[in-house]
Amino acid sequence: MNAPDRPQTADQQTAWQVLLDGIHHPERPGYAYFRAENRLQELTSLADRSPSGGLNLPIQTADIPIGALALFAEEGETWLPEDEKVAQAVTQALASHLESLRLLEVAQLARTETEEALLHLTSRWNWLLTPGGKPPTPTSLRAEVYPSPIATQTIGFSYDGQQVSSLQADPLSRLQWTSTADELNLPLALPDRAQGSLQLLSAADHFWTQDELAVATRIAERCLRQIENISLLDEAHYYRQATEQTVRQLTSETWKTYLQGGDYPSGAAAFTYEAGRKVAHTTESVDLPSQFPIQVRGAQVGEIGINLPALDEDQASLLQVITTQLSEHLETLRLNEQRELSLSESEALYAISARLSTAQSLEDALCSLSEPTSVRGSNSSRLFLVNYDDKGQAESISLAAFWYAKEGAQSVQASITFPLSDYPVYAWCMQFSDRLLLIENVATDPRLNDEMRSAFQRSGAEALAMMPLVIHGRWVGMTFVHWLQPRVFRGTEKRVYLSLANQAAVVINNLILLEQTRRRAQELHTVAQVSTAASTILDPQELLQSVVELTKSSFSLHHVQVYLYRAEQAYLEAAAQAPAANPQNTLDSTRYEMLDGDSAIARAARERQVIILNDLSAENTPIAGARSEIAMPMVIGERLLGVFDALSETNNRFSREDARIFSTLASQIAVALQNAQLYAEQSVTMARLRELDHLKSAFLANMSHELRTPLNSILGFSDVLLLGIDGPLNAVMQNDVKLIEKNGQHLLSLINDVLDMAKIEAGRMNLTFEHFCFTDLLQDALEITSSQAREKALDVQLHCPEDAQALEIIADRVRIRQVVINLLSNAVKFTPYRGAITLTVQPAGDKVRLMVQDTGIGVPADQLDVIFEEFSQVDTSTTRKVGGTGLGLPISRKLVEIHGGRLWAESSGIAGEGTTLIMELPTRAENAKESA
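Everything in this summary refers to the structure shown in the same document. Bear in mind that the values here come from a model prediction, so they are computed numbers and not experimental data.

Calculation notes
- Residues numbered from 1 in each chain as written.
- Predicted model: local features only at pLDDT ≥ 70, side-chain atom pairs only at ≥ 80, totals over all residues.
- Heavy atoms only, no water.
- Helix = DSSP H or I, 4+ residues; strand = E, 2+ residues; numbered from the N terminus.
- Buried < 20%, exposed > 50% of the residue type's maximum accessible area, 1.4 Å probe, protein only.
- Areas by Shrake-Rupley, 256 points an atom, 1.4 Å probe, with all protein chains shown as cover.
- Phe/Tyr/Trp six-rings, centres within 6.5 Å; stacked < 30°, edge-to-face > 60°.
- Lys NZ or Arg CZ within 6 Å of the ring centre and 35° of its normal.
- Pairing = 2+ DSSP bridges.
- Patch = residues over 30% accessible without salt bridge, like charges linked within 9 Å, V, L, I, M, F, W, Y side chains within 5 Å.
- Salt bridge = Lys/Arg side-chain N within 4 Å of Asp/Glu carboxyl O.
- Axes fitted to C-alpha atoms, helices over the stretch in contact; angles between N-to-C directions.
- Left-handed = near helix turned anticlockwise from the far one by under 90°.
- Contact = heavy atoms within 4.5 Å.
- Nonpolar A, V, L, I, M, F, W, Y, C, P; charged D, E, K, R; others polar.
- Core = buried A, V, L, I, M, F, W, Y, C linked by side-chain atoms within 4.5 Å.
- Arc of directions from axis to C-beta.
- Expected span 1.5 Å × (residues − 1).
- Polar contact = N/O pair within 3.5 Å; in protein donor to acceptor, adjacent residues only side chain to side chain.
- Parallel < 35°, antiparallel > 145°, perpendicular 65-115°, else oblique.

**What about the overall build of the protein chain?**
Helices and strands together make up the secondary structure of the protein chain, namely 17 helices and 31 strands. Here the protein chain, with 932 residues, has 35% of them falling under the buried criterion. Only carbon and sulfur atoms are counted for the fraction: they give 53% of the accessible area of the protein chain, which is about 55000 Å².

**Brief notes about the packing of aromatic side chains**
As enumerated under the stated definition, the model contains 13 aromatic pairs in all. Each ring, one from phenylalanine 384 and one from phenylalanine 480, has its centre 5.8 Å from the other, and the planes form 85°; the classification is edge-to-face. Of the two residues, phenylalanine 384 is situated in strand S13 (residues 380-388) and phenylalanine 480 in strand S18 (residues 474-483); the sequence distance between them amounts to 96 residues. Per residue, the accessibility class of phenylalanine 384 equals that of phenylalanine 480, and both read buried. Pairwise contacts between aromatic rings join Phe384, Phe418, Tyr423, Tyr426, Phe456 and Phe480 into one cluster. Over the aromatic face of tryptophan 483 sits the side chain of arginine 487, whose NZ or CZ is 4.8 Å from the ring centroid. Of note, arginine 893 hangs over the ring of phenylalanine 868, and the distance from its end group to the ring centre comes to 3.9 Å.

**Description of the pairing of strand S23 (residues 628-636)**
Here is the key point about a regular strand: its side chains alternate between the two faces of the sheet. Of all nine residues making up S23, seven are buried, and the element is well covered by its neighbours. The pairing of strand S22 (residues 611-613) with S23 spans three bridges and is classified as antiparallel. Paired with leucine 613 across the strands is glutamate 629, a residue of S23. Relative to strand S24 (residues 639-648), S23 runs antiparallel, the two sharing nine bridges. Bridge pairing links proline 633 to valine 643 in S24. Following S23, the chain reverses through two residues before pairing antiparallel with S24; glycine 637 in that reversal takes a positive phi of roughly 65°.

**A short note on a nonpolar patch on the surface**
A contiguous nonpolar surface patch, about 360 Å² in accessible area, is contributed by Met686, Leu689, Leu692 and Leu695. Judged by its relative accessible area of 49%, leucine 695 is partly exposed.

**Notes on the packing of helix H15 (residues 813-830) against helix H16 (residues 888-898)**
Two elements in contact, H15 and H16, have axes separated by 9 Å at closest approach and are oriented at 145°. In terms of crossing hand, the pair formed by H15 and H16 is left-handed. Judged by residue contacts, Arg815, Gln818, Val819, Asn822, Leu823 and Asn826 of H15 engage Gly888, Leu889, Ile891, Ser892, Leu895 and Val896 from H16. Residues of the contact of H15 with H16, tallied by class, amount to six nonpolar, five polar and one charged.

**Describing the nonpolar core**
Counting residues in hydrophobic clusters, the biggest one holds 45 residues, and the most contacted among them are Phe774, Val820, Leu850 and Met919. Tallying contributions element by element places H15 first for this core, with eight residues. Leave out the neighbours within four places in its chain, and phenylalanine 774 touches Leu807, Ile809, Ile816, Val841, Val848, Leu850 and Met919. Counting residues in hydrophobic clusters, the runner-up holds 33 residues, among them Ala401, Leu436, Leu469 and Trp483.

**Considering the environment of leucine 326**
Its location among the elements puts leucine 326 in helix H5 (residues 313-357). With relative accessibility at 30%, the residue leucine 326 sits in the partly exposed group. In this structure the C-alpha to C-alpha distance between leucine 326 and glutamine 295, which are 31 residues apart in sequence, comes to 9.2 Å. Those residues in contact with leucine 326 that lie beyond four places of it in its chain are Ile294 and Ile304.

**Re the pattern of salt bridges**
Taken as a whole and assessed by the stated rule, the structure comprises 10 salt bridges. Through salt bridges with shared partners, a single ionic network connects Lys847, Arg849, Arg902 and Glu920.

**Points about helix H8 (residues 450-458)**
When H8 is considered as a whole, its buried residues turn out to be Met452, Arg453 and Phe456. Across the axial projection of H8, the buried residues extend over an arc of 100°, all falling on one side. For H8, exposure combined with an orientation more than 90 degrees from the buried face picks out Asp450, Glu451 and Arg458. If you follow the buried residues of H8, they end up packed against helix H7 (424-429), strand S16 (437-439), strand S17 (463-471) and S18. Following H8 by one or two positions, glycine 460 adopts a phi angle in the positive range, close to 85°.

**Comments concerning H15**
At 3.6 residues per turn, the α-helix brings residues three or four places apart onto the same side. Compared with the 26 Å implied by 1.5 Å per residue over 18 residues, the 26 Å span of H15 between its first and last C-alpha is a close match. For H15, the side-chain oxygen to backbone nitrogen distance between the N-cap and valine 814 is 3.2 Å, and the N-cap itself is aspartate 812.

**Some remarks on the sheet that holds strand S26 (residues 795-799)**
The five strands lie next to each other as S26-S28-S29-S31-S30, forming an open sheet whose pairing is mixed. Either end of the sheet is taken by a strand with one partner, and the two such strands are S26 and strand S30 (902-907). Across this sheet, the average inter-strand angle for adjacent strands is 15°, counted without regard to direction. Contacts from helix H14 (residues 774-791) reach S26, strand S28 (836-844), strand S29 (847-854) and strand S31 (915-922) within the one sheet, and its direction differs from that of S26 by about 175°. Set on the sheet, H15 makes contact with S28, S29, S30 and S31; between it and S31 the angle comes to about 170°.

**Notes on unusual backbone geometry**
Not every positive phi belongs to a glycine, and arginine 608 is a case in point at roughly 55°. If you trace the backbone, arginine 608 turns up in the loop between helix H11 (600-607) and S22. Overall, the relative accessible area of 39% leaves arginine 608 in the partly exposed class. Even without glycine at this site, alanine 793 takes up a positive phi of about 55°.

**Considering the packing of H14 against H15**
How two helices sit against one another is set out by the angle between their axes and by the gap between those axes. Between H14 and H15, the least distance of the axes is 9 Å, while the angle of their chain directions is 40°. By the angle class used here, H14 and H15 are oblique. Remark: the crossing between H14 and H15 carries right-handed chirality. Touching Phe774, Leu777, Leu778, Asp780, Ala781, Leu782, Ile784, Thr785, Gln788 and Ala789 of H14 are Arg813, Ile816, Arg817, Val820, Ile821, Leu824, Ser825 and Val828, all from H15. Partitioning the contact of H14 with H15 into residue classes produces 12 nonpolar, three polar and three charged.

Shown next as structure tokens:
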């Protein structure tokens, strides 16, 4: 196996190159295995590789060549294809194994380097041998830096038999001494790291014996252990000093904080005692001749001064003991006082937290925040809520509630908003999102400029505390507590106020979300009520007027109005309004808004989006008292129906959430309005159609009556001529008269059909019910139509079971016979020459079914209902083979339905299979039941 000579470009190629370069062979490695000798030989040069021939298979990993496997057969052996496949499999496995070995070696190398770096970083000698070195300490300890016991530039020591000297950093090469004939260099090393070396110098030409080497080695080992002990001892001493210094510093800061947070006017406590007088508190510093420091844990927290010029040794010792006991007692008193103070704070915070958690309104929450400050003399407090824009940025604050010490808390009915861009003092306050803003004296606080100072003083505040109401970095609001006189805020107050602010932020945020949820639920319920009411009103004007009145009362608005868009004139016309109590606010019904105007109504119609104006003080509005407005386009698809406009008496009444609510309402009103308009249009259309239908029926009835009179006269005279009353007729004349009579009879039949249809549609079809045999009626109908069937040589058959041969029904015999004749005539008409027509009677309980089946052209499936429509033909072409008015089947269906039955058709639509007309009649007609 040998490595290829060609270069590699991938990262893996680079890794393999590094691995191969790290092997001691000057050339890339390779190995040869001799099976006969069972021997593995390492190749040291390219010349050692086997000659060409045999199998030469590349060793690749991830398509990157890393070597090759050359296989040679014994003399007389040949390579088979199966051998080559096995060799390729072995090569692939070898490549994977080599890659695994490389990765293992890389991992071991990385581990070794990491361990060496860790030992180097954690070595205790690093800080001793480094100039200015010191052990690492936590930054929070703020310990002093203690000098190392070893000189700054010292790197070793030497002993010449009389004294020990330090080796400075100049001869750095001394650290790399090597053993020669007159020198012995012994390493000082622990199992995991080297500490230095021990060099022994001898006289010239002296050779070290084995015994001397053994003694020197033991000396080096003991020296190494002693150096390690000294190092550990020095390190422990360093940390002990750092800990003591940290304790002293923390104790000093604790006492300083305690004294500053107490009830001492100057921030520090001092007491004086004179013989015969009580101990008194003083703020003046008095220098006395003899002073003894009061120390707690090594930190000076005070001193005792004695007005004696000199103290003897016993007095000084006694005062030292008194001072020590006093320091211990003072520390005990301080700890007890802090414990009682913490307990008192916890109890107060628990009581306030319990009240905060049960607050039902913003006023209750503000009272819970303000009561602890009232004990400290606060005069008033105000709760502001932060408002955000569409991008989630704070844009203004709104006054939500206020509290006065003598009056309690009240909510703000009218929204008072302060934009942050116009009131920089509030924007400045929002910098204190994670801590209190405490101003002990508004007049002298250096953080305030003249504008800020004036803004606070106008509210009567000489000192104030701002509690930030913040949750996860997002402002909910802020509470300002005012004092009428400058004051000093103690540590206890700060802790209580900050804890209250954190709890109040959660409570107030929950109250706001709850109120918003309740409001939205009520508004959605109101929207549903308005939509329901709108959907039940079909008159457009009544609908709009009801909607605006209901919206005004439900949402407590000042004024609501609806403008309808007139597309022809391109303007908006006031259609409905719910005016306020003042009659001057009512709109003229002829008021218009031009589509290209600047009003909110025109903009909403033009831009097809909600327009909100939350400050109408500078707007030209015709509605007196309106302070904010929201205009919503009423759009269905691409069609603009109008604009729904609402006005309020308060500023900033409408938000983006209100826009979504009112947009839903406007959309539903638009749908209801469109439905009402369509219903009104359909009502007018239906009334007109009914009028036209009535005129048509009257016209047909009159025309049928008028046409029958002359037609009967024609038929009568044709009968006279055929009877020869007026004289004999020759053959030609007699044939002509017969044609006149035949066509006259046909015309009379058509007129009768039209008249019947007119009567049915007009509801004037009168039926005469009687008992009759159904099969007898069928025989009569067959006799009447037999002449038509004979002309076409049709085979007409009647199939009637025995139980139906004497079947009697109650119906209008004349009309049912007319229906059967129409069905037979229709079958004859559409059945070709020498076809067949079959009548089948099927009794079915209280009903009887008649099926008339022909072998005609058939009816397509999509035309089965069309044949029962007036004046309809399946074949409407000018070349159709059969004619007709298209009234026979429609009249027949209506007559059957009047009797309470059904008439329908069935057909496969294939020529030759014909059509089956099915009539189903009750044996006792419904109208006959009422008259029986």
